[in-house]
Amino acid sequence: MTATFPDRAAASAQPSQTLAPPDTAAHALTGRRRIAFASYVDENYLPGFLTLLRSLALTNPGVCEDFVVLHDDLRPASVARIRALHPRIVLRRVNADHYDSYAKGDQHNYLVRKAYFILDVFRIRDYDTVITLDTDMVVLGDLGELLRLREGIAAVPQFFHGRHKLNSGLLVVQREYLSDAFCARLDETGRTGAYELDKHDQGILNAVLDGGFVRLDARYNFVKRRLSGDLEVPEDVAVLHFTGRHKPWQGGEAGYGRGEERWHAYDMGDDEFRAAFAALPAAETHHDLLVHLGTAHVARTGDVETARKVALAHIAAGEYQEAVDVLGRVEFPVRDAWSHEVLGQALMSVSRYEEARTHLLLATADPGRAAVAHARLAQIAWVHGDDAEARRYALLGLSVDPTHRSCRLWAQRSRPSAPLPGQQQGAPEDQLAHVAFYMERQGNAGDKLLPESVRLAFGADTTARRWHPVHAHRLFDRAALERVNARRGLVIGGGGLFIPDTMPNGASGWQWNVPDEALRAIDVPVVVYAVGFNAFDGQSYRARRFAESLRLLVERSAFFGLRNHGSIEKVRAMLPAGLRDKVRFQPCPTTVTRHVLPGWTDPARREDTVLLNAAYDRAGLRFGHDYGHFLAEMAKAVRAIGERAEVRCAAHSLDDERIAFDLRREHGISLPVVPLYDFDNDGIRETYAATRLVVGMRGHAGMIPFGLGTPIVSLISHPKMAYFLADIGRPEWGVSVHDRNLGAVLTERALGILDDHGAAVADVHGRQNELWEITRSNTAEIKALLDR
């Protein structure tokens, strides 16, 4: 795509900037761009719009943004037809007053009404980017580059009456133009009549912009007249525009047959359209489109392959009951191992373990699915505390595929463990039970450090003399309940345990696999300590089960502390009024490590390094359409910061090394990798204490170094990063991964810290002292509760 700015600056078209009130919505915290398509639709052009929707889905199956339908006369039946084709339709009536105010010509003429539709587009306030499409267009190619545009108003130029103007139909409009100030300029131009309006021109908009727009390649608005003489549509055309009076659904026009054939390829019935979409590779499709279209296709046809695709899409989004439902509605053969394996995964995710085991055992008969099925059987056995059975299944899976990572993990996790040398087992009455996610040696570095950090907040002894571990992911059954009730109390935390799709279960809907009846039967004090609400921007807790379990947990808790005020706000919103005040602020103990780690001394000197961490779990929710932008901006920052200190990649998990690979491949930058996932807890702390600055995307790539006195800059792709920075009163220590000027902003902040490092460390210490005072006060209260 060719996207260039004109030589003449468009400063005159830039809207004035006004301060907005603070926004606590997830997208406002992460900076994740909200994108929408928009079209003006009336009854006459409805056939064209339906074809446009079908073509968009079939040529860009991985794209499913909101589609704003601006209208003034659509019938309910027409709205139903539109909604049947797209899951994210937003209906909005146009402002008909514009037509009376300054329309030239018949206000009921479609061309005039369509021309003024653009004014309503600029009144949209819900999105950061709006892409307009005319209803006489058909999408033939990839629109990804349009979705990645971030500046100005973009359009295909046309040479008209000796001047370059933007062509009608397709615009890419950024947020600074979706403003009251810019609308006022459009309205004023419309009222004064200082514009030209005809079927070739956007009139008012062209008059205001005066050529100041981003030029797009013609293939994004390829007009029909260029095919005169029955020419073939060029292969690179992404959007074909049937300008003129004769539309394909009205009989077309002589001399354009080959172009109209491309339109008619998408003029199909709803059932044919759904079948065509269902036949696409699932990996290329967007979850919302696949679920919307695929579910209807399964209901009509009972097609097993589509049901399996839809179920996998539900599982990937944490919608486990929905996955069970869609596969449960179809009949598949006993030999269909893949469907048995997928249904088994869905069933175990809602704690229907016996049914899951049956389907997974059937799946083991197929060598192609056997390793996966054996890994899931090992997981079920481990969840129920049967290590021997878990290890047996894991080894069976490895016998089929010796390289299978999940089978290897379950074989290691279920291996009998010997007590550490010199470690004594304490008497139950002297111990606290501790529910946590106990990570393996090569697991996520932050999660690996957390259980010990929680225990340090209660005292220097973190061993089995004082603590009884309860793995959050194992079913909390009667035997586990008895062991907990024999202790002084139960501590739950830390980490982001309130998340629905990490080791899912139907007992609670969050990470601790605890049924309500077991939770009610705990008769020792329950302390929820520094837990986080970890939903991503775009991820939600749909299950009522979680809300019910959460309410019971708050009721049963003697102390209920969450690690940031953002989590507190989210959890309080899910509770009845009488329980909300029980939810307290308890910072993550990693943020006060200097105060709780026995024998800690601040480093006398630090290495001349900067550690960079990036996270790739749920990458679609983190980056949206902006990963290429993020990587390019990070390359700028790494080069600039690298002139002052050595930049290294700090990998909390194996996947975090991707930024080193991508920077080398795409931008020729080589970073040494520090594999923190392979370090023990002391090694993790020593590494973060020895560096001058940490630039991190994971929550604990910020909180751990902060707790050791190391300055940080957070790359915000998750609300929890912004929550933490707000709690310490330093939002300027974060920059969104979507920031237009990410590279420059990150460089400025990083170099500022390196320039006055002593002051930066002192600032960290000051912020940390405030968290320590809160922690110390809470700890005293908790100890009093436990000693009653």
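Note that the coordinates shown come from a computational prediction; the quantities given were computed from them, not determined experimentally.

Criteria and thresholds
Think of each chain on its own: its residues are numbered from 1, step by step along the sequence as written. pLDDT decides what is reported in this predicted model: residues at 70 or higher carry local features, side-chain atom pairs at 80 or more are listed and counted, and totals for whole chains, interfaces and linings draw on all residues regardless. Note that the side-chain values use all heavy atoms of the structure and ignore hydrogens as well as water. Runs of H or I in DSSP of at least four residues are treated as helices and runs of E of at least two as strands, each being numbered from the N terminus. Each residue gets one of three labels from its accessible area relative to the maximum for its type: buried under 20%, exposed over 50%, partly exposed in between, using a 1.4 Å probe on protein chains only. Note on definitions: a residue-residue contact is assigned when non-hydrogen atoms from the two residues lie within 4.5 Å. Accessible surface area values rest on a Shrake-Rupley calculation with a 1.4 Å probe, where residue burial reflects the displayed protein chains alone. Each pair of strands is called paired provided DSSP finds at least two bridges between the two strands. Helix axes use the C-alpha atoms of the stretch in contact, all axes being lines fitted to C-alpha atoms, and the angles between their N-to-C directions lie in the range 0 to 180 degrees. In this scheme the handedness of a crossing depends on how the near helix is turned from the far one: anticlockwise by less than a right angle means left-handed, clockwise means right-handed. Gly is put with the polar residues, along with every residue not named as nonpolar or charged; the nonpolar set is Ala, Val, Leu, Ile, Met, Phe, Trp, Tyr, Cys and Pro, and the charged set is Asp, Glu, Lys and Arg. For the purposes of this section, nonpolar cores are sets of buried Ala, Val, Leu, Ile, Met, Phe, Trp, Tyr and Cys residues that join through side-chain atoms within 4.5 Å. This arc corresponds to the set of directions leading from the helix axis out to the C-beta atoms. Within this document, salt bridges are pairs made up of a side-chain nitrogen of Lys or Arg and a carboxyl oxygen of Asp or Glu, the two lying within 4 Å of each other. By definition, the crossover connecting two strands over a helix is right-handed if that path, from the first strand to the second, turns clockwise as seen with the strands pointing away from the viewer. Under the convention used here, Asp and Glu are negative, Lys and Arg are positive, and both His and the chain ends fall outside the count. In these notes the angle categories are as follows: under 35 degrees is roughly parallel, over 145 is roughly antiparallel, 65 to 115 is roughly perpendicular, and the rest is oblique. Aromatic pairing here means that ring centres of Phe, Tyr or Trp (its six-membered ring) are within 6.5 Å. Orientation follows from the plane angle: under 30 degrees is stacked, over 60 is edge-to-face, and everything else is tilted. Either the NZ atom of lysine or the CZ atom of arginine qualifies as a charge over a ring when it sits within 6 Å of the ring centre and within 35 degrees of the ring normal. Expected helix span is computed as 1.5 Å times (number of residues minus one). Under this definition, polar contacts are N or O atom pairs within 3.5 Å; protein pairs additionally need one hydrogen-donor-capable and one acceptor-capable atom, and for neighbouring residues in sequence, both atoms have to be side-chain atoms. By definition, pLDDT measures how confident the predictor is in each residue, and it falls between 0 and 100.

Of regular secondary structure, the protein possesses 33 helices and 25 strands. Counting over 788 residues, the protein shows a buried share of 58%. Counting only contacts in the protein whose residues sit at least 6 apart along the sequence, the fraction spanning at least 24 positions is 72%. Split by element, the accessible area of the protein, about 31,900 Å² in all, is 49% carbon and sulfur.

Turning to the sheet that holds strand β24 (residues 712-716), a few remarks are in order. If you walk across this open sheet you meet the six strands as β22-β21-β20-β23-β24-β25, and the pairing is parallel. Each having just a single partner strand, β22 (673-675) and β25 (734-736) make up the two edges of the open sheet. Taking the axes of each pair of neighbouring strands and ignoring which way they run, one obtains an average angle of 25° across the sheet. Across four bridges, strand β20 (residues 609-613) lies against strand β23 (residues 693-696) in parallel orientation. Looking at β23, one finds that L612 is bridged to V695.

The geometry of helix α10 (residues 270-278) relative to helix α11 (residues 287-301) is characterised by a closest axis approach of 9 Å and an angle of 115° between their N-to-C directions. Taken as a pair, α10 and α11 cross one another with a handedness that is left-handed. Along its contact with α10, which presents D271, F273, R274, A275, F277 and A278, the element α11 presents L289, L290, L293, A296, H297 and R300. Taken together, the residues of the contact of α10 with α11 sort by class into eight nonpolar, one polar and three charged.

For strand β17 (residues 526-533), a buried count of eight out of eight residues is recorded, marking the element as mostly surrounded by other parts of the structure. In this structure, strand β15 (residues 489-492) lies alongside β17, joined through three bridges in parallel fashion. When the bridges of β17 are listed, I492 appears paired with V528. With three bridges joining them, β17 and strand β18 (residues 559-562) adopt parallel strand pairing. Opposite V531, over in β18, you have L562 as the bridge partner.

A few words on the sheet that holds strand β3 (residues 89-93). With respect to topology, seven strands assemble into an open sheet ordered β3-β2-β1-β4-β9-β6-β10, the strand pairing being mixed. Each having just a single partner strand, β3 and β10 (214-215) make up the two edges of the open sheet. By the bridge criterion, five bridges tie strand β1 (residues 35-40) to strand β2 (residues 66-71) in an arrangement that is parallel. Residue pairing in the sheet places F37 in a bridge with F67 of β2. Its contacts with the sheet put helix α2 (residues 46-59) on β1 and β2, and the angle it makes with β2 is roughly 170°.

Among the nonpolar cores identified, the biggest contains 99 residues, and F37, F67, I82, L143, L146 and L240 are the most heavily contacted of them. Counting 68 residues, the second largest nonpolar core, distinct from the first, contains A518, I522, L553 and I684.

Take helix α15 (residues 353-363) next. Because each turn of an α-helix spans 3.6 residues, side chains separated by three or four positions end up pointing in the same direction. Of all the positions in α15, only Y353, A356, H359, L360 and A363 are classed as buried. One side of α15 carries all its buried residues, which in axial view fall inside an arc of 125°. Against α14 (337-349) and α16 (367-383) lie the buried residues of α15.

Before going further, it helps to spend a moment on the pattern of salt bridges. One pass over the full model with this rule turns up 52 salt bridges. The residue R692 makes a salt bridge to D608 at a minimum N-O spacing of 3.4 Å. With R692 in the loop between α29 (681-690) and β23 and D608 in the loop between α25 (593-596) and β20, the pair connects residues that are 84 residues apart, well separated along the chain. On the accessibility criterion, D608 (45% relative accessible area) is partly exposed. Each of D617, R618, R622, D656 and R698 takes part in a single network of salt bridges with overlapping partners.

The next subject is unusual backbone geometry. Despite not being glycine, D210 shows a phi value in the positive range, around 50°. Within the element layout of this structure, D210 appears in the loop between α8 (204-209) and β10. Residue S351 is not a glycine yet carries a positive backbone phi of 70°.

On to the pairing of β24, then. Buried residues dominate β24, accounting for five of its five residues. What you see with β24 is no split at all: I712, S714 and I716 on one side and V713 and L715 on the other are buried throughout. Pairing analysis gives three bridges linking β23 to β24, with the strands arranged parallel. Among the inter-strand pairings, V695 is bridged to a residue of β24, identified as V713. With helix α30 (residues 700-707) bridging β23 and the parallel β24, this β-α-β connection has right-handed handedness. Note that β24 and β25 share three bridges and pair parallel.

This paragraph deals with the environment of I669. Topologically, I669 is positioned in the loop between α28 (658-667) and β22. Between the C-alpha atoms of I669 and A635, which are 34 residues apart in sequence, the distance is 7.3 Å. Discounting chain neighbours no more than four positions away, the residues touching I669 are A635, V638, R639, A660, L663 and R664.

Take the side chain of E65 next. With respect to the secondary-structure elements, E65 resides in the loop between α2 and β2. Despite its burial, E65 pairs with no opposite charge; the closest candidate is R88, at 4.3 Å N-O. In contact with E65, not counting residues within four places along its chain, are I35, A36, F37, H86, R88, L147 and H625.

Here we come to the environment of C588. Along the polypeptide, C588 turns up in the loop between β19 (583-585) and α25. Contacts of C588, omitting those with residues within four sequence positions, involve L450, A530, R563, H700 and M703.

Next up on the list: the packing of α14 against α16. The N-to-C vectors of α14 and α16 enclose an angle of 20°; their axes lie 10 Å apart at closest approach. Judged by the angle between their axes, α14 and α16 are roughly parallel. Along this stretch, α14 crosses α16, giving a crossing that reads as left-handed. Together, A337, W338, E341, Q345 and M348 of α14 and R369, V372, A373, R376, Q379 and I380 of α16 make up the contact between the two elements. In the contact of α14 with α16, the residues fall into six nonpolar, two polar and three charged.

On to the packing of aromatic side chains. Scanning the model with the defined rule gives 21 aromatic pairs in all. Its guanidinium or amino end placed over the ring of Y393, R392 lies 4.7 Å from that ring's centre, counting from NZ or CZ. For the cation-ring pair, R413 lies above W382, with the distance from its terminal atom to the ring centre recorded as 4.9 Å.

Taking 1.5 Å of rise per residue, the twelve residues of helix α19 (residues 445-456) would be expected to cover 16 Å, and the 17 Å separating its terminal C-alpha atoms lies within 8% of that figure. Taken across its twelve residues, α19 has ten buried, putting it largely inside the fold. The set of residues buried in α19 consists of A445, G446, K448, L449, L450, P451, S453, V454, R455 and L456. Structurally, the start of α19 carries an N-cap: the backbone nitrogen of G446 is 2.8 Å from a side-chain oxygen of N444.

Turning our eyes to something else, we now look at the confidence of the model for the protein. Here the protein averages 90 in pLDDT, and 90% of its residues register 70 or above. In the model, residues 102-108 has pLDDT below 50 throughout and makes 20 contacts with residues more than four positions away in sequence or in other chains.

Along the chain, E633 falls in helix α27 (residues 627-642). By relative accessible area, E633 is classed as buried at 8%. Separated by 3.5 Å, the side chain of E633 and the backbone nitrogen of L742 make a polar contact.

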